[in-house]
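Structure assessment
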Amino acid sequence: MKRDDRVIVLQARDVDWIEAFGDYVHVHVGAESNLLRSTLSDLEQRLKQEGFARIHRSRLVNVSRIKELRALSRGVSIVLLKNGTRLEASFLFLKAMRGQLDLAS
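Notes on the structure follow.

Brief notes about the overall build of the protein
On a plain count of helices and strands, the protein comes out with two helices and ten strands. Looking at the 105 residues of the protein, the share that counts as buried comes to 35%. Total accessible area computed for the protein in this model is approximately 6,900 Å², and 48% of it derives from carbon and sulfur atoms.

Now the structure itself:
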C-alpha cells in the first residue's frame, strides 16, 4: 500500500476491517486507516481464504477480530470487534457469514 513516498506493508492477519469508499477502500488496522485504490469486491475475493467475510455491502471484516454479534432489529445487526469497534451489518450478509462459520441459529 502506498502512502506519500512510502510503501506500507500490511499482513492480512493485522487488518481489522475494510470499508468501501468509492473507487477506494479504507483498510483499518487498529486506530489507523489507510486508503487503498481497490474495490471491495476485489479484496473480498483475495481475502476470503484469509478469514475475511462481507457483513454489509460496503464492509469486510476479519472474522478472527469479531467479539460478538448483536441483533438490533429485523435486518440490522451490530458486529462488535475485540478492539471495541462497532460495525453495522446487514441480515443477508450475516446469514451467509454465520453459515460459513457454522454459527447458524
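Details of the sheet that holds strand S8 (residues 66-73)
Read across the open sheet, the three strands follow the order S8-S9-S10; overall the sheet is antiparallel. The sheet is open, and its two borders are formed by S8 and strand S10 (86-90), each paired with just one other strand. For this sheet, the mean angle separating the axes of adjacent strands, direction not counted, is 30°. The pairing of S8 with strand S9 (residues 76-81) spans six bridges and is antiparallel. What sits directly across from Leu69, in S9, is Val79.

Let's talk about the pattern of salt bridges
Across all of its chains, the model carries five salt bridges by this definition. Its salt-bridge partner being Glu44, residue Arg54 comes within 3.0 Å of it at the nearest N-O pair. With Arg54 in strand S6 (residues 52-56) and Glu44 in helix H1 (residues 40-47), this residue pair connects regions lying ten residues apart in the sequence. Arg70 is the partner of Glu68 in a salt bridge, and the nearest nitrogen-oxygen pair spans 2.5 Å. Accessibility expressed as a relative area gives 33% for Arg70, which makes it partly exposed.

Parameters and conventions
- Residues numbered from 1 in each chain as written.
- Predicted model: local features only at pLDDT ≥ 70, side-chain atom pairs only at ≥ 80, totals over all residues.
- Heavy atoms only, no water.
- Helix = DSSP H or I, 4+ residues; strand = E, 2+ residues; numbered from the N terminus.
- Buried < 20%, exposed > 50% of the residue type's maximum accessible area, 1.4 Å probe, protein only.
- Areas by Shrake-Rupley, 256 points an atom, 1.4 Å probe, with all protein chains shown as cover.
- Pairing = 2+ DSSP bridges.
- Axes fitted to C-alpha atoms, helices over the stretch in contact; angles between N-to-C directions.
- Salt bridge = Lys/Arg side-chain N within 4 Å of Asp/Glu carboxyl O.

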